[in-house]
Amino acid sequence: METTTVVTGSSGLLGTALVSALRADGHEVRRLVRRPPAGPDERFWDPAGGVLDPGALEGADAVVHLAGAGIGDRRWSEAYKRELVDSRVTGTRALAEAMARAEGGPRVLLSSSAIGFYGDTGDREVDESAPPGTGFLADLVRAWEAATAPAGEAGVRVTPLRSGVVLSGRGGALARMLPIFKMGAGAVLGSGRQYVSWISLPDWVDAVRFLLAHELAGPVNLTAPEPVTNAGYTAALAKALRRPTMPLPTPRLALRLALGEFADEALLAGQRVLPRRLLDAGHRFAHPTIGEALAAVL
């Protein structure tokens, strides 16, 4: 059945891939943009100012909310941390409130989130039943998800998308690492024992399509079923590129000096996260292992 889906953040890596897939499936896509609309499929909104006309949502079936400043785009100064919070919480709340008020509006909200919710889990496996962790990222994600409350209270099915590291050769963390690894300068970060929970971009898109079609409310982990350690990830990427890696790891101190708090909470923290709810609902991954994922996206 053809549906109309509203997408925020549609020009980013995830949004571009999702919009293309939904349209290929025959669905109508309506994009919320922060500039004057340039086509009939676009509607204006101001997430920073908390402004969205509920009329922009009328007649739609679902919303996929992906907008927000990039977690790893800059060093985490106090000013940028405020931007990370504001770009997520203010915009998400404005969207949720508009959904609650929209006449004949969408009854499904898939709202971007992150596995940063769980904090540093070390080598302990966690799924959606795990409590929140500690630290800036965990606090950010908790506030981000809480901002969807007005939609949930109005009867909208709300599904936070707790995404891991999304692998694509065209953008995101992997694309930024490729030049380094292609030069043979890739290296294990810190001890290398910290777990990385990842998902290929095609599997991420397929998981979102699955969630649009299935009645799963509440948080869902968008990660592949086989997390790997940083050492395993480094070895798999070097193998996929047929390049050597540096014999010595990048010291923890050097990462902290270069990247500050981001290094501690994102690069050196371990997150061994499982997609329990997706698997239990019958979703299957095209690229369940890191080797298969890298072969598909490089």
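As the structure is a computational prediction, the values presented were derived from the model and not from experiment.

Side note on the packing of helix α2 (residues 78-101) against helix α3 (residues 136-146)
The interhelical angle for the contact between α2 and α3, taken along N-to-C directions, is 20 degrees, at an axis separation of 9 Å. On the basis of their axis angle, the class for α2 and α3 is roughly parallel. Considering how the two elements wind past one another, α2 and α3 form a crossing that is right-handed. Seen from α2, the contacting residues are K81, L84, V85, R88, V89 and T92; seen from α3, they are F136, L140, A143 and W144. Here the contact of α2 with α3 is composed, by residue class, of seven nonpolar, one polar and two charged.

Some details on the environment of E145
Along the chain, E145 falls in helix α3. Residue classification places E145 among the buried residues on the basis of a relative accessible area of 14%. It is 6.9 Å that separates the C-alpha atoms of E145 and S113, two residues lying 32 residues apart in sequence. Dropping the residues within four chain positions of it, E145 is found in contact with S113, F117, P160 and R162.

Digging into unusual backbone geometry
Non-glycine residue R242 carries a positive phi angle of around 55 degrees. Examined against the element boundaries, R242 turns out to sit in the loop between α7 (230-241) and α8 (252-259). We classify R242 as exposed; its relative accessible area is 76%.

A short note on the sheet that holds strand β5 (residues 108-114)
Remark on secondary structure: sheet strands pair via backbone hydrogen bonds, oriented parallel or antiparallel. Pairing in this open sheet of seven strands is parallel, and the strands run β3-β2-β1-β4-β5-β7-β11 from one edge to the other. The outermost strands of the open sheet, each flanked by one partner alone, are β3 (42-44) and β11 (220-222). Across the sheet, the axes of successive neighbouring strands diverge by a mean angle of 25 degrees, strand direction being ignored. Sheet topology note: the strand β4 (residues 62-65)/β5 ladder contains four bridges and is parallel. Among the inter-strand pairings, A62 is bridged to a residue of β5, identified as V108. On the sheet, α2 packs against β1 (4-8), β2 (28-33), β4 and β5 and is oriented at approximately 175 degrees with respect to β4.

Let's talk about the pairing of β1
Of all five residues in β1, five are buried; the element is thus mostly enclosed. Judged by which residues are buried, β1 turns out to be covered on both faces: T4, V6 and T8 on one side and T5 and V7 on the other are all buried. Here β1 runs beside β2; their pairing, made up of four bridges, is parallel. In the sheet register, V7 faces β2, and the bridge partner there is R31.

Considerations on the nonpolar core
Generally speaking, soluble globular proteins have nonpolar side chains that are buried together. Membership of the largest hydrophobic core comes to 27 residues, with the highest contact counts inside it found for L18, W204, V208, L211, L222 and L278. Among the secondary structure elements, those contributing two or more residues to this core are α1 (13-24), β4, β5, α6 (201-213) and β11. What W204 contacts, discounting residues up to four positions off in sequence, is L14, L18, L66, L161, S163, V166, I199 and L222. The next biggest cluster of nonpolar side chains, apart from the first, holds 18 residues, and it includes V6, L52, M99 and A151.

Analysis parameters
- Residues numbered from 1 in each chain as written.
- Predicted model: local features only at pLDDT ≥ 70, side-chain atom pairs only at ≥ 80, totals over all residues.
- Heavy atoms only, no water.
- Axes fitted to C-alpha atoms, helices over the stretch in contact; angles between N-to-C directions.
- Helix = DSSP H or I, 4+ residues; strand = E, 2+ residues; numbered from the N terminus.
- Parallel < 35°, antiparallel > 145°, perpendicular 65-115°, else oblique.
- Left-handed = near helix turned anticlockwise from the far one by under 90°.
- Contact = heavy atoms within 4.5 Å.
- Nonpolar A, V, L, I, M, F, W, Y, C, P; charged D, E, K, R; others polar.
- Buried < 20%, exposed > 50% of the residue type's maximum accessible area, 1.4 Å probe, protein only.
- Pairing = 2+ DSSP bridges.
- Core = buried A, V, L, I, M, F, W, Y, C linked by side-chain atoms within 4.5 Å.

On their own, these measurements won't tell you what the molecule is for.
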